[in-house]
Amino acid sequence: MMQNVHLAPETDEDDLYSGYNDYNPTYDTEELENDTAFQQAVRTSHGRRPPSKTSLTSSLGRPMTGAIQDGVARPMTAVRAAGFTKAALRGSAFDPLGQSRGPAPPLEAKNEDSPEEKIRQLEKKVNELVEESCIANSCGDLKLALEKAKDAGRKERVLVRQREQVTTPENINLDLTYSVLFNLASQYSANEMYAEALNTYQVIVKNKMFSNAGRLKVNMGNIYLKQRNYSKAIKFYRMALDQIPSVHKEMRIKIMQNIGVTFIKTGQYSDAINSFEHIMSMAPNLKAGFNLILSYFAVGDREKMKKAFQKLIAVPLEIDEDDKYISPNDDPHTNLVIEAIKNDHLRQMERERKAMAEKYIMTAAKLIAPVIESSFAIGYDWCVEVVKASQYVELANDLEINKAITYLRQKDFNQAVETLKMFEKKDSRVKSAAATNLSFLYYLENEFTQANSYADLAVNSDRYNPSALTNKGNTVFANGDYEKAAEFYKEALRNDSSCTEALYNIGLTYKKLNRLDEALDCFLKLHAILRNSAQVLYQIANVYEIMEDPNQSIEWLMQLISVVPTDSRALSKLGELYDNEGDKSQAFQYYYESYRYFPSNIEVIEWLGAYYIDTQFCEKAIKYFERAALIQPTQVKWQLMVASCYRRSGNYQKALDTYKDIHRKFPENVECLRFLVRLCTDIGLKEVQEYATKLKRLEKMKEIREQRIKSGRDSSGSSRSKREGSAGSGPYDLRAGRDLKGHQVQSPHFTDSGQNSSSSSKGERLSAKLRSLPGTNEPYESSSNKEIDASYVDPLGPQTERPKTAAKKRIDEDDFADEELGDDLLPE
């Protein structure tokens with residue numbers, strides 16, 4: 001072995017390449033032909049014989065694999081994994097997978113009665129209950145969510161007790177306890193059980209074993225805010241802010257925003273300004289910017305309002321441009337990708353964010369424009385210039401339209417018209433919006449020619465504008481061309497199926513055309529959309545009444561008074577229907593309710609007075625006729641009815657005094673004199689001769705007047721027949737009715753000094769029949785233009801809010817306080 005050991009030379013010379021040419025003769029393959037032992041092994045089976053007892057030594061001096069040295073064979077580890085073990089030398093079968101050992105023993109049976117297994121099953125059940133509670137809350141079933149949360153809490157306490165008995169307290173699952181308590185507190189809060197929610201949050205916050213539990217004080221502050229306990233809300237918000245590290249920047253900003261909103265609620269605007277200013281300097285956002293403008297508006301700081309508005313305009317939206325969703329080429333793969341992302345959830349979120357930004361900017365501009373300058377027009381001009389220089393250029397035109405609407409609120413129609421006329425040379429969308437509003441204005445002023453021309457302009461500018469088509473249909477309706485009006489309403493519905501004004505108006509049009517089934521179908525469809533619309537409910541009831549189905553009409557009127565229980569006209573209409581059906585008691589109930597809410601309706605007063613006379617309670621009828629006499633002091637019939645009620649009840653002296661008072665006010669009333677003569681005769685008064693003389697003189701004057709009228713008719717009969725041939729365009733109908741514009745055309749009352757009552761008994765009983773409901777300036781009139789919806793375009797977008805009648809202008813509500821506090825800050 002020493003021949004293979006090379007000692008280092010003693011010389012100082014280091015030969016780095018020495019020894020590389022030396023090699024072991026064992027690896028000399030060129031001399032294998034001269035190796036006798038090797039050649040014999042190749043030719044015979046000598047090489048396959050078992051190794052001899054002599055030791056085989058490798059060239060490095062270690063025993064070779066499989067060699068026996070000192071009575072121990074060196075293991076053949078290189079081939080053991082393939083199944084070549086020592087047992088194979090003894091003649092055993094080749095079994096590399098160990099299949100000869102038989103099947104594996106059966107698994108040990110699970111002991112379900114063991115404490116550990118019970119704990120695992122109970123823990124699994126608690127987790128399932130928490131998940132079910134959260135799912136029920138997301139589905140809106142708050143009661144079920146609370147029950148599940150309570151059940152999870154009970155089972156979790158049982159689990160803790162079992163763990164304490166089996167293991168040490170350190171092994172208790174704190175995360176599960178935290179989840180159960182937190183979910184229970186959230187469900188209490190969702191069910192408005194604020195005291196229980198606060199107690200549960202206190203249990204979590206006071207437990208030092210829960211890490212980061214301090215942030216839940218934000219939720220406690222939100223609960224105090226809902227309870228209007230603003231001082232405690234601010235206290236808990238600040239405590240939460242102190243316990244949240246500065247690295248959680250977004251959460252700290254949200255808490256500061258809640259603090260600012262709470263300060264606005266308490267009227268501490270300077271503190272609110274400090275909070276929102278800090279937010280706008282650190283991480284500007286739309287809500288904080290809008291609330292900052294509101295705070296400066298409350299303190300009346302004009303310059304700060306301008307600066308805050310500029311900060312709001314400068315808040316980045318962080319959304320993609322619309323050009324991203326336009327295909328640059330005809331590549332089918334690119335077009336498919338763009339089509340897929342054009343309306344995905346991310347794109348919808350971008351649209352919502354942009355719409356919210358535009359809403360905040362428009363509301364802020366409408367709020368500060370009247371106060372930042374000497375006049376609101378100058379203020380609007382400043383806002384328009386600022387908007388034009390920002391990323392919201394398209395809002396400038398909408399602000400101009402809002403300027404016109406502000407002129408409308410101030411009843412300055414000329415300036416409103418002038419402002420809207422400036423848009424006639426703008427692009428089609430803005431031109432259509434302005435023309436729609438102009439058509440609406442002229443329609444309100446009954447200038448149907450101008451309204452029609454601007455409606456045409458709006459339709460030509462944007463044929464798919466449902467508001468323009470609705471207004472065009474209204475102008476055609478006003479001219480009496482109901483078929484053509486229906487076509488315009490149908491086209492508006494085809495362009496926008498949610499245009500409720502067009503659907504309502506087409507129902508009115510069908511009613512005018514006496515196509516009652518189609519009208520009813522339209523109103524029923526509209527009722528499915530607007531469930532609590534009083535106008536729609538009345539129209540359905542009115543159509544059923546015209547179709548002579550009083551039961552259905554009564555049913556829908558009952559739904560109407562459930563929506564507007566204080567509507568005196570609806571109540572009186574119900575009374576009229578029950579009266580026509582012969583149910584006097586129900587009729588009296590609804591007439592009396594109508595009288596309570598509106599005690600100046602002559603028709604209702606008349607019916608109630610007649611009802612008490614019919615039921616022989618003349619004393620109770622007196623107060624109703626006295627009220628009618630106060631409302632119509634020039635109508636002698638109400639005072640005659642008061643006197644008649646006194647006479648019927650046996651109070652002749654009071655009746656005589658009342659008749660004398662009537663005679664002083666109406667000395668030429670024949671009926672009053674007749675009752676005076678009769679009463680004085682019955683009582684035996686000396687004034688009877690005086691009243692009898694006056695009565696004879698009045699009757700004689702009446703005869704002379706009638707003779708003169710008769711002779712005048714005879715002398716003018718021939719000339720009248722000639723004039724009738726060249727009369728005007730048509731006869732004027734004096735019957736009670738309504739014209740198209742909703743003004744009631746009343747029958748003229750011909751007053752005769754000698755005739756004010758038809759007969760002694762029937763003249764005292766008043767007709768309880770009511771005129772058609774309602775009057776000129778009353779809601780729900782079916783044939784009135786007030787029911788025809790004339791739309792104008794909301795600057796924020798088409799048809800976001802529409803007026804319900806042509807005579808009703810939309811008034812945008814300027815939000816002052818931001819009620820939105822954001823979601824509860826729930827730690828993940």
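Residues numbered from 1 in each chain as written. Predicted model: local features only at pLDDT ≥ 70, side-chain atom pairs only at ≥ 80, totals over all residues. Heavy atoms only, no water.

**Things to note about the overall build of the protein**
Each helix and strand in the protein was counted, giving 34 helices and 4 strands. Scored against the burial criterion, the 828 residues of the protein give a buried share of 41%. Summarising the internal contacts of the protein: among those between residues at least 6 apart in sequence, 54% fall at separations of at least 24. Counting only carbon and sulfur atoms, one obtains 50% of the accessible surface of the protein, whose full area is about 48,500 Å². (Helix = DSSP H or I, 4+ residues; strand = E, 2+ residues; numbered from the N terminus. Buried < 20%, exposed > 50% of the residue type's maximum accessible area, 1.4 Å probe, protein only. Contact = heavy atoms within 4.5 Å. Areas by Shrake-Rupley, 256 points an atom, 1.4 Å probe, with all protein chains shown as cover.)

**Section: the packing of helix α11 (residues 286–299) against helix α14 (residues 345–372)**
At a minimum axis separation of 10 Å, α11 and α14 run at an interaxial angle of 10 degrees. Considering the angle they form, α11 stands roughly parallel to α14. Mapping the contact onto sequence places Leu286, Lys287, Phe290, Ile293, Leu294 and Phe297 in α11 and Arg353, Met356, Ala357, Tyr360, Thr363, Ala364, Leu367, Ile368 and Val371 in α14. (Axes fitted to C-alpha atoms, helices over the stretch in contact; angles between N-to-C directions. Parallel < 35°, antiparallel > 145°, perpendicular 65-115°, else oblique.)

**Structural notes on the packing of helix α19 (residues 448–461) against helix α20 (residues 466–478)**
Between α19 and α20, whose axes approach to 9 Å, the crossing angle comes to 150 degrees. Here α19 is positioned roughly antiparallel relative to α20, judged by the angle of their axes. The two elements α19 and α20 meet at a crossing, and its hand is left-handed. For the pair α19 and α20, the contacting residues are Phe448, Ala451, Asn452, Ala455, Asp456, Ala458 and Val459 in the first and Ala468, Leu469, Asn471, Lys472, Thr475 and Ala478 in the second. Broken down by class, the residue content of the contact of α19 with α20 amounts to 8 nonpolar, 3 polar and 2 charged. (Left-handed = near helix turned anticlockwise from the far one by under 90°. Nonpolar A, V, L, I, M, F, W, Y, C, P; charged D, E, K, R; others polar.)

**A short note on the pattern of salt bridges**
This model, assessed by the stated rule, comprises 23 salt bridges. The residue Arg515 makes a salt bridge to Glu518 at a minimum N-O spacing of 2.9 Å. A salt bridge links Glu671 to Arg674, with the nearest nitrogen and oxygen atoms 3.8 Å apart. One end of the pair, Glu671, and the other, Arg674, are both in helix α32 (residues 670–683), 3 residues apart, so they sit about a helical turn from each other. A relative accessible area of 37% places Arg674 in the partly exposed class. Taken together, the salt bridges that share partners define one network made up of Asp151, Arg154 and Lys155. (Salt bridge = Lys/Arg side-chain N within 4 Å of Asp/Glu carboxyl O.)

**What to know about the environment of Arg678**
Here Arg678 lies in helix α32. Residue Arg678 is classed as partly exposed on the basis of its relative accessible area of 47%. Between the C-alpha atoms of Arg678 and Val688, which are 10 residues apart in sequence, the distance is 8.1 Å.

**A word on the confidence of the model for the protein**
Overall, the predicted model of the protein reaches an average pLDDT of 76, with 73% of residues at or above 70. Taken element by element, the predicted model of the protein shows its lowest mean pLDDT in strand β4 (residues 744–745) (30) and its highest in helix α24 (residues 534–546) (94). Here residues 1–12 is a poorly scored stretch, pLDDT under 50, and it has 4 contacts once near neighbours within four places are set aside; other chains count. Predicted confidence is poor over residues 52–56, with pLDDT under 50, and the contacts of this stretch with residues over four places away or in other chains come to 7 contacts. (pLDDT = per-residue confidence, 0-100.)

**Details of the nonpolar core**
If you look at soluble globular proteins, the nonpolar side chains tend to sit buried side by side. Residues Ile255, Phe309, Cys383, Val387 and Tyr659 are the most contacted members of the largest nonpolar core, which totals 187 residues. It is α14 that contributes the most residues to this core, 10 residues altogether. If near-sequence neighbours (up to four positions away) are discounted, Tyr659 is found in contact with Leu640, Ala643, Ser644, Arg647, Cys672, Phe675, Leu676 and Leu679. The next biggest cluster of nonpolar side chains, apart from the first, holds 9 residues, and it includes Ile119, Val126, Val130 and Leu159. (Core = buried A, V, L, I, M, F, W, Y, C linked by side-chain atoms within 4.5 Å.)

**A short note on the environment of Leu174**
Tracing the sequence through the fold places Leu174 in helix α5 (residues 174–190). On the basis of relative accessible area, Leu174 is assigned to the partly exposed category, the value being 28%. Spatially, the C-alpha atom of Leu174 lies 7.4 Å from that of Phe210, the residues being 36 residues apart in sequence. Ignoring any residue separated from it by four or fewer positions in sequence, one finds Leu174 in contact with Met209 and Phe210.

**Description of the packing of aromatic side chains**
In the structure shown here, the tally under the stated rule is 21 aromatic pairs. Note on Phe290 and Tyr360: the rings are 5.0 Å apart at their centroids and 35 degrees apart in plane angle, and the pair reads as tilted. Of this pair, Phe290 sits in helix α11 while Tyr360 sits in helix α14, and the two are 70 residues apart along the sequence. Considered together, Phe290 and Tyr360 belong to a single accessibility category, that of buried residues. Feature note: the residues Phe588, Tyr591, Tyr592, Tyr595, Trp607, Tyr611, Tyr612 and Tyr624 constitute an aromatic cluster, connected by ring pairs. The aromatic ring of Trp382 is capped on one face by Lys306, whose charged end is 5.5 Å from the ring centroid. (Phe/Tyr/Trp six-rings, centres within 6.5 Å; stacked < 30°, edge-to-face > 60°. Lys NZ or Arg CZ within 6 Å of the ring centre and 35° of its normal.)

**Considering unusual backbone geometry**
Although it is not a glycine, Glu192 adopts a positive phi angle of roughly 60 degrees. Residue placement: Glu192 occurs in the loop between α5 and α6 (194–206). Positive phi, close to 65 degrees, is recorded for Gln616, a residue that is not glycine. Looking at the element boundaries, Gln616 is found in the loop between α28 (602–614) and α29 (618–631). Accessibility expressed as a relative area gives 60% for Gln616, which makes it exposed.

**Concerning helix α17 (residues 413–421)**
Burial in α17 covers these residues: Ala416, Val417, Thr419 and Leu420. Projected down its long axis, α17 carries its buried residues within an arc of 160 degrees, all on one side. (Arc of directions from axis to C-beta.)

**Overview of the side chain of Asn222**
Summarising the element assignment, Asn222 is placed in helix α7 (residues 217–226). There is a polar contact of 3.4 Å between the side chain of Asn222 and the side chain of Asn258. (Polar contact = N/O pair within 3.5 Å; in protein donor to acceptor, adjacent residues only side chain to side chain.)

**A look at helix α15 (residues 376–388)**
For α15, with 13 residues, the first-to-last C-alpha span of 18 Å sits near the 18 Å given by 1.5 Å per residue. Residues of α15 that are buried include every one of Phe376, Ala377, Gly379, Tyr380, Trp382, Cys383, Val384, Val386 and Val387, and no others. Those residues of α15 hidden inside the fold are in contact with α12 (302–313), α14 and α16 (395–409). (Expected span 1.5 Å × (residues − 1).)

**Topic: the environment of Gly379**
Within the fold, Gly379 resides in helix α15. The class of Gly379 is buried, set by a relative accessible area of 0%. Between the alpha carbons of Gly379 and Ala369 there is a distance of 4.2 Å; along the sequence they are 10 residues apart.

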